[in-house]
Amino acid sequence: MEQMRLLLPVAVPIALGLLGRALRVRGKALRVYSVCASVLGGVLAALCALWPEGGEMTLRWTDMLSLTLRVDGLSRVYLLLLTLLWPGAALYAAEYLEHSGHTERYTLFYLLTQGVLHALSMSGNLVTFYTFYEAMTVLTVPLVLHNQDREAVAAAMKYLVYSVIGASAALIGIFFIASLGAPGDFAAGVLTGETLAGREGFALAIFFVMLLGFGVKAGMFPFHGWLPTAHPVAPAPASAVLSGVITKMGVLGAARVIYYVAGAERLRGTWVQSALLCLSLITVLMGSTMAFREKKLKKRLAYSSVSQVSYVLFGLFTMTEAGFVGALLHVVFHALMKNTLFMGAGNIIHKTGKTEVDELDGLGRAMPWTYAFFAVASLGLVGIPPTGGFISKWSLAQGALATGLPGAWIGPAALLISAVLTAGYLLSLVIRGCFPGAGTHIPEKCEAGWRMLLPMGAYAVLIVGLGVFSAPLIRYFTALARALM
Amino acid sequence: MLLLLCVLLPILLGAALPLLPGKGPKASALWSLTGVCLTAALLLAAVFSGRDERFALFAGAAPFCFALRLDGAARLYLALTAVLWPPAVLFALEMMRTAPRRDAFFAWYTAAMGAAVLTGCAGNLLTLLLAFLLTVLAGWPLVRHMRDGDSLKASRSYAVCAAAGGLLALVCAAGFSAFGLGDFDPAGSGGQIGRVPLAIFLLAGFLGFGMLAGILPFSGWMAKATLAPAPVSALLHTMSANAGIIAVMRLLYGVASPAALAGGWLQNALLIAAIATAAYGEIRMLRTPDVEMRIAWSSVGNFSFMLIALSLFSGEGLTAALSHMLSHSLAKAALFFCTGIILMKTRRVTVREMHGIGRHLPWTFAVFTVAGLSLMGMPPLPGFVSKSALITASFSQGGWWQHTGAVVMAVSTVLTAMDIFIVVFPAFCMHPTLEDGEELRDCGAAAKTALAVLCALMAAASLLAGPLTRDLQAIGRGMGLL
């Protein structure tokens, strides 16, 4: 019974979401309700993460399928990250969606998704992970098609189709592992040489397919196409969490497969590793280039996510300690930075209705706080010290060099080029916004309200603060990596 | 004797229906409903009595005798018959309210239950052949019930396939019986048979009995049969096609010996036939605009999955096939009920026409979504349990074709998902184009009850997945597998 506490962060947000719908909470009450509910859910998740002994609970469904929730090192990282991000975006949405329709539906699915994400973070085996992964996909679709115009519906369908393709690719692997008689539990080294005997080659292909499948959610080439379509059509707070959080769940799946199911030793040095490293680097460069060329603000940020999440994947695929640490650091920092950036874009759209980057000259004078926070996040994403982005990218580059593969220098070189492009597509915005040059029309003051600025400010502080005081994070991630390799 | 009663009761009640004097508009449906519920109660009594029963007529003329037996697989099939027929009749009660010749419709619909029961508990190949003929005989008038151009076309296609399938099944049944292998009990039958006749009879039976489950080249009728009234499509795509699966299972596991077939070329031939059908069905599904027909093509795919699993000749494969039979029947019946309601209430058939009508028929579309997700294999619905069993069983054998089968089944998850989502999301999100004065209403109480029963059954199948799977494994052990 003691382990039932693991169910709380899953069940409470889901129950509160349904309750709010059943009681038909509306208007201002709904805005307060959604923030309070998501804060409560976040606190429960944090308690679970910080509870000293972790915990595990299993529900046997059939002999072959069991649902397991377990708090291990990686779960803790994800649970705390969700605690930071989910309530913040709820507060933001309370102002952003104030005059929009369908807020009841948005709140319902937002809270349901929170519960499912907590479960996903704590999933202890592949079947559980798949269950909540699919649930996450279906529950986030209403967030994407919030505006319900033809474009949103088309984008939502695209999102669904890509996601389902990815999930079923993962499914093939789940059942293959089940057919070997291995439990598919997330504990390092569940697959021994004996269980794979004679089918090592096929198993490698299966792992490749699984990682490609989880890569779909993370926007990895060649399955990145849905991301720049789906993320921008959602309302800004939803884009923020879709880009900042949901993509990281694909990363979590990839990390679970590489380090917990297959074992890094089995994949290191194989064609699977080389192919995935190549794909992730292609994505890094392609995403940055596309972002650089893109003129629509939110779409630019979405392409930036394509690129940045592949930094994380690249770190995981190096299968080195430094790479793993860098990947997890970048999970944390990219989530914070991308949430801030999308919220900044949301402020601009909400207050001025402008969506093209060329229309934003001089806007920094009108929205000083928005631009300040946006600038901090941009610097972080480029990787300029003392922000967190510098720490994570440094670690990623070290990981790449530690692989010892021929051409290991290509990794850091690609990261560097991409950083230059990032500076080009983000800092140019900040500079043109704040220093428009003589003769530009300066718009009137139109700063966003405190509910939209507070989460941005908090994240900006964290981006710098966690960057300066990064030692505990690095220590924790290193210990995690050592335990796995 | 209870078994014989269960076979004869619905047939006799169906036959008696047109003879009843002076009836109101609902009388024939209520008569049918009563008869079906009565039979269902008897069936459940037989299923849960826990005794393996045998019954034979003309036993002296063996192998040309009429034999019934109740074992694990028969129990599953009969239980499924018992729980699916009453909601189907309830649904028909609402759907056929304004249709012509209701007496004849409900007579055949009731009698078809007797044919299904006979299929489930047939004890040898010749009895199974009889059951096959009865199933087809009851199905044909139902398909052509509306007597319009479409129904007649569908019934012609059904008749041609049934005749060809019946001939092949006859070759199989007569052949094996002549060699003394007609009884479903490999240990007890003493006959010997050479490799060539074995292959011929087995393939004939696989294709012949498989016709009911839409195996190539007999797939086309399954799609055309959706032109019949919705309760008929629901019947043909669940219990009637399940009869084909049970028949093939009897043939592969009761007549032939699985241990001898595993690993040979004959196994590969069966696998290839089933995989080809699965791929064909899934591709046709995506290329069809008509929603009901898309669901029909997905049946072709799903029954082939069961045939693939049966062709694995392992206990896991058998368990998976039966498990999928259960989950697929529930989901598919619900889907056909929903499309039937949509057609009746809105006269809309294509994906495009259904944009925006979800909000006007919320119950129907909610059930459609749940059933569709189960069909796709979304956890925690029963479809996920059965699909996981199917794919795992295929992978665990390790042959090339087995792996291909597993991949085809996994890919079908994507295709089915597209099939369902492309209907559901626009239906809920977009705005409908209504004609002047058109008003869309959800279904009535009878159909709602039928849908609720199916949803309750799906929930039960998901919650009880553990014990159910163990029961299915026991069936495999009963046949000497595992």
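An account of the accompanying structure is given in this report. (Residues numbered from 1 in each chain as written. Chains lettered and ligands numbered in written order. Predicted model: local features only at pLDDT ≥ 70, side-chain atom pairs only at ≥ 80, totals over all residues. Heavy atoms only, no water.)

**Considerations on the overall build of chain A**
And then number 1: Scanning chain A from terminus to terminus reveals 20 helices and two strands.
And then number 2: Taking as baseline every contact in chain A between residues at least 6 positions apart, the subset at least 24 positions apart corresponds to 83%.
And then number 3: Taking the 34 positively charged and 23 negatively charged side chains of chain A as two groups, their mean positions are separated by 4 Å. (Helix = DSSP H or I, 4+ residues; strand = E, 2+ residues; numbered from the N terminus. Contact = heavy atoms within 4.5 Å. Lys, Arg positive; Asp, Glu negative; His and termini not counted. Charge placed at Lys NZ, Arg CZ, Asp CG, Glu CD.)

**What about the packing of aromatic side chains?**
And then number 1: All chains considered together, the criterion is met by 34 aromatic pairs over all chains.
And then number 2: With a centroid separation of 6.1 Å and 50° between ring planes, the pair formed by Phe179(B) and Phe201(B) is classed as tilted. Placement of Phe179(B) in the loop between α6 (149–178) and α7 (195–210) and of Phe201(B) in helix α7 is noted, with a sequence separation of 22 residues between them.
And then number 3: Classification of Phe179(B) as partly exposed rests on a relative accessible area of 34%.
And then number 4: For Phe201(B), a relative accessible area of 14% corresponds to the buried category.
And then number 5: When the ring of Phe365(B) is compared with that of Phe368(B), the centres are 6.0 Å apart and the planes differ by 45°; the resulting orientation is tilted. Note that Phe365(B) and Phe368(B) are positioned in helix α14 (residues 362–376) at a spacing of three residues, about one turn of the helix. An identical accessibility class is assigned to Phe365(B) and Phe368(B); each is buried.
And then number 6: Put simply, the rings of Trp61(A), Tyr130(A), Phe175(A) and Phe384(B) pair up and form one aromatic cluster.
And then number 7: Lying across the ring of Tyr133(A), Lys217(A) places its NZ or CZ 5.4 Å from the centre. (Phe/Tyr/Trp six-rings, centres within 6.5 Å; stacked < 30°, edge-to-face > 60°. Buried < 20%, exposed > 50% of the residue type's maximum accessible area, 1.4 Å probe, protein only. Lys NZ or Arg CZ within 6 Å of the ring centre and 35° of its normal.)

**Side note on helix α15 (residues 382–397) of chain B**
Residues and elements named next belong to chain B.
And then number 1: In a regular helix each residue adds 1.5 Å, so 16 residues correspond to 22 Å; α15 covers 24 Å between its end C-alpha atoms and thus fits that length.
And then number 2: For α15, the buried fraction is high: 14 of the 16 residues fall into the buried class.
And then number 3: After α15 finishes, the residue Gly398 shows a positive phi value of roughly 85°. (Expected span 1.5 Å × (residues − 1).)

**Some points on the nonpolar core**
And then number 1: Core analysis: the biggest nonpolar cluster contains 359 residues, and Leu316(A), Trp85(B), Leu125(B), Phe176(B) and Leu310(B) have the highest contact counts within it.
And then number 2: Among the elements that line this core, the one with the most residues is helix α10 (residues 236–262) of chain A, at 18 residues.
And then number 3: Apart from residues no more than four positions distant in its own chain, Phe176(B) is found in contact with Leu125(B), Leu181(B), Gly182(B), Ile193(B), Leu198(B), Phe201(B), Leu202(B), Leu251(B) and Val255(B).
And then number 4: Listed in part, the eight residues of the second largest apolar core include Leu16(A), Val25(A), Leu30(A) and Leu44(A). (Core = buried A, V, L, I, M, F, W, Y, C linked by side-chain atoms within 4.5 Å.)

**Observations regarding the side chain of His403(B)**
And then number 1: Considering the arrangement of structural elements, one finds His403(B) in helix α16 (residues 400–429).
And then number 2: According to the relative accessible area criterion, His403(B) is buried, its value standing at 11%.
And then number 3: In this structure, His403(B) is in contact with Arg199(A), Phe202(A), Ser394(B), Phe395(B) and Gly398(B), ignoring residues within four places of it in sequence.

**Points about helix α6 (residues 150–179) of chain A**
And then number 1: Between its terminal C-alpha atoms α6(A) stretches 43 Å, which fits the 44 Å expected from 30 residues at 1.5 Å a residue.
And then number 2: Within α6(A), 22 of the 30 residues are buried, which leaves the element mostly enclosed by the surrounding structure.

**What about the side chain of Thr364(B)?**
Residues and elements named next belong to chain B.
And then number 1: Looking at the secondary structure, you find Thr364 in helix α14.
And then number 2: A relative accessible area of 0% means that Thr364 is categorised as buried.
And then number 3: Ignoring any residue separated from it by four or fewer positions in sequence, one finds Thr364 in contact with Cys338, Ile341, Ile342, Asp442, Cys443 and Leu451.

**Brief notes about the pairing of strand β2 (residues 66–70) of chain A**
Residue and element names in this part refer to chain A.
And then number 1: Buried residues dominate β2, accounting for five of its five residues.
And then number 2: Across the two faces of β2 the burial is the same, with Ser66, Thr68 and Arg70 and Leu67 and Leu69 all buried.
And then number 3: Summarising the sheet, strand β1 (residues 56–60) and β2 pair through five bridges and their orientation is antiparallel. The residue bridging Met57 from the neighbouring strand is Leu69, located in β2. (Pairing = 2+ DSSP bridges.)

**Notes on the pattern of salt bridges**
And then number 1: As enumerated under the stated definition, the model contains 14 salt bridges over all chains in all.
And then number 2: When the shortest N-O distance is used, the salt bridge between Asp419(B) and Arg294(B) registers 2.5 Å. Of this pair, Asp419(B) sits in helix α16 while Arg294(B) sits in helix α12 (residues 291–310), and the two are 125 residues apart along the sequence. Of the two residues, Asp419(B) and Arg294(B), both sit in the buried class.
And then number 3: Connected through salt bridges with shared partners, the residues Arg31(A), Glu95(A), Glu98(A) and Arg451(A) form a single ionic network. (Salt bridge = Lys/Arg side-chain N within 4 Å of Asp/Glu carboxyl O.)

**With respect to the environment of Val331(A)**
Residue and element names in this part refer to chain A.
And then number 1: Inspection of the secondary structure assignment puts Val331 in helix α14 (residues 321–352).
And then number 2: Taking the relative accessible area as the measure of exposure, Val331 reaches 0% and is therefore buried.
And then number 3: When near neighbours in sequence (up to four residues on either side) are disregarded, Val331 contacts Tyr78, Leu81, Lys248, Val251 and Val312.

**Observations concerning the interface of chain A and chain B**
And then number 1: At the junction of the two partners, chain A supplies 30 residues and chain B supplies 34 residues.
And then number 2: For the chain A and chain B pair, buried surface summed over both sides reaches about 2800 Å², with 79% attributable to carbon and sulfur atoms.
And then number 3: Joining chain A to chain B, the criterion identifies zero salt bridges.
And then number 4: Taken together, the connections running from chain A to chain B amount to four residue pairs in polar contact (both at pLDDT 80 or more).
And then number 5: With 14 residues, the top contributor of residues to the side of chain A that touches chain B is α6(A).
And then number 6: Class assignment of the residues belonging to the side of chain A that touches chain B gives a composition of 21 nonpolar, five polar and four charged. (Buried area = accessible area lost by both parts, 1.4 Å probe. Polar contact = N/O pair within 3.5 Å; in protein donor to acceptor, adjacent residues only side chain to side chain. Nonpolar A, V, L, I, M, F, W, Y, C, P; charged D, E, K, R; others polar.)

**Remarks on a positive patch on the surface**
Residues and elements named next belong to chain B.
And then number 1: A cluster of like positive charges, contributed by Lys153, Arg156, Lys224, Arg284 and Arg287, occupies part of the molecular surface.
And then number 2: In this structure, Arg284 sits in helix α11 (residues 265–286).
And then number 3: Judged by relative accessible area, Arg284 falls into the partly exposed class, the value being 34%. (Patch = residues over 30% accessible without salt bridge, like charges linked within 9 Å, V, L, I, M, F, W, Y side chains within 5 Å. Areas by Shrake-Rupley, 256 points an atom, 1.4 Å probe, with all protein chains shown as cover.)

**A short note on the packing of helix α16 (residues 368–382) of chain A against helix α18 (residues 410–434) of chain A**
Residues and elements named next belong to chain A.
And then number 1: Between α16 and α18, the shortest axis-to-axis distance is 9 Å and the interhelical angle comes to 165°. One way to sum up the angle between α16 and α18 is to call them roughly antiparallel. Crossing angle aside, the handedness with which α16 passes α18 is left-handed. On α18, the residues touching Tyr371, Phe374, Ala375, Ser378, Leu379, Leu381 and Val382 of α16 are Ala419, Thr422, Ala423, Leu426, Leu427, Leu429, Val430, Gly433 and Cys434.
And then number 2: Taken together, the residues of the contact of α16 with α18 sort by class into 13 nonpolar, three polar and no charged. (Axes fitted to C-alpha atoms, helices over the stretch in contact; angles between N-to-C directions. Parallel < 35°, antiparallel > 145°, perpendicular 65-115°, else oblique. Left-handed = near helix turned anticlockwise from the far one by under 90°.)

**A look at the packing of helix α9 (residues 230–255) of chain B against α12(B)**
Residues and elements named next belong to chain B.
And then number 1: Look at α9 against α12: their axes get within 10 Å of each other, and the N-to-C directions meet at 15°. When the axes of α9 and α12 are compared, the pair comes out roughly parallel. The hand of the α9/α12 crossing is right-handed. From α9, Ala230, Ser233, His237, Thr238, Ala241, Asn242, Ile245, Val248, Met249, Leu252 and Tyr253 reach across to α12, where they touch Glu292, Ala296, Ser299, Phe303, Met306, Leu307, Ala309 and Leu310.

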